[in-house]
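Secondary and tertiary structure notes
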Amino acid sequence: MEKDCKTCAYAKGKSCKVMTKQIKNCFAWADKQEMQKREDACAEYMLKFGTEYGLAVTKMSDETRIKRNKARELNEKLRGGKSAKETVAMYFYELYTLGLSDSQIAKELHVADNVVGNHRRAKGLEPNKRRPHHCNGNGQRSNKGLKEMHA
């Protein structure tokens, strides 16, 4: 098997998550087993030596790791197999001009909030403000829509 980005567990056939450019027979190439072995070794190292460098070290449980990976795969599937950056680049401006906040855009596009925020800042745009919650006159939130409140 050729060790390229199409067969690498890190890249999953897309852009490489380890290297800045794609190369043939890459030294960073790994199948899923090797990738898991490396992640476990890094986690073990952090638990052993991380506190020496003032790092907050917590070991992620296998259950949490599985949930995180499943959520990541589901979000990628919901984005049509596109990366978070590709998806934001395609749809950000349309949602931004509708007045959606970074977190609302992120939820709509199935990406992390910081991906949207980074994209917005790179474009030199100010954040859209969240729309204020409707109040019933005495400072308490109301579930009524604007039409019902002002009728």
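See the structure above.
Residues numbered from 1 in each chain as written. Predicted model: local features only at pLDDT ≥ 70, side-chain atom pairs only at ≥ 80, totals over all residues. Heavy atoms only, no water.

**A word on the packing of helix α4 (residues 102-109) against helix α5 (residues 113-122)**
Inclusion rule: In this analysis, axes come from line fits to C-alpha atoms, helices being fitted only over the stretch in contact, and the angle between any two N-to-C directions falls in the range 0 to 180 degrees. Helix numbering and strand numbering both begin at the N terminus, where a helix is a DSSP run of H or I of at least 4 residues and a strand a DSSP run of E of at least 2. Should an angle fall under 35 degrees it is taken as roughly parallel, and over 145 as roughly antiparallel, whereas 65 to 115 is taken as roughly perpendicular and any remaining angle as oblique. Each crossing gets its handedness from the near helix: less than a right angle anticlockwise from the far helix is left-handed, clockwise is right-handed. We call two residues contacting when some pair of their heavy atoms lies within 4.5 Å. Residues are grouped as follows: Ala, Val, Leu, Ile, Met, Phe, Trp, Tyr, Cys and Pro are nonpolar; Asp, Glu, Lys and Arg are charged; all remaining types, including Gly, are polar.
Two elements in contact, α4 and α5, have axes whose closest approach is 8 Å; the angle formed by their N-to-C orientations is 120 degrees. With respect to their mutual orientation, α4 and α5 come out oblique. Regarding α4 and α5, the two cross each other, and that crossing is right-handed. Across the interface between the two elements, Asp-102, Ser-103, Ile-105 and Ala-106 from α4 touch Asp-113, Val-116, Gly-117 and Arg-120 from α5. Residues belonging to the contact of α4 with α5 are distributed by class as follows: three nonpolar, two polar and three charged.

**Quick notes on the nonpolar core**
Considering soluble globular proteins, one finds that nonpolar side chains tend to be buried as a cluster. Let me state the cut-off plainly: Among buried residues, those of type Ala, Val, Leu, Ile, Met, Phe, Trp, Tyr and Cys that are joined through side-chain atoms within 4.5 Å constitute a nonpolar core. Summary of the burial criterion: residues with accessible area below 20% of their type's maximum are buried, those above 50% are exposed, and those between are partly exposed, where the area comes from a 1.4 Å probe applied to protein chains only.
In this structure, Ala-84, Val-88, Phe-92, Leu-95, Tyr-96, Leu-100, Ile-105, Ala-106, Leu-109, Val-111 and Val-116 together form the largest nonpolar core, which totals eleven residues. It is helix α3 (residues 84-97) that provides the largest number of residues to this core, a total of five residues. Non-local contacts of Val-111, meaning those with residues more than four positions away in its chain, are made with Arg-79, Ala-84, Val-88, Ala-106 and Val-116. Formed by ten residues, the second largest nonpolar core is a distinct cluster that contains Cys-8, Ala-9, Tyr-10 and Trp-29.

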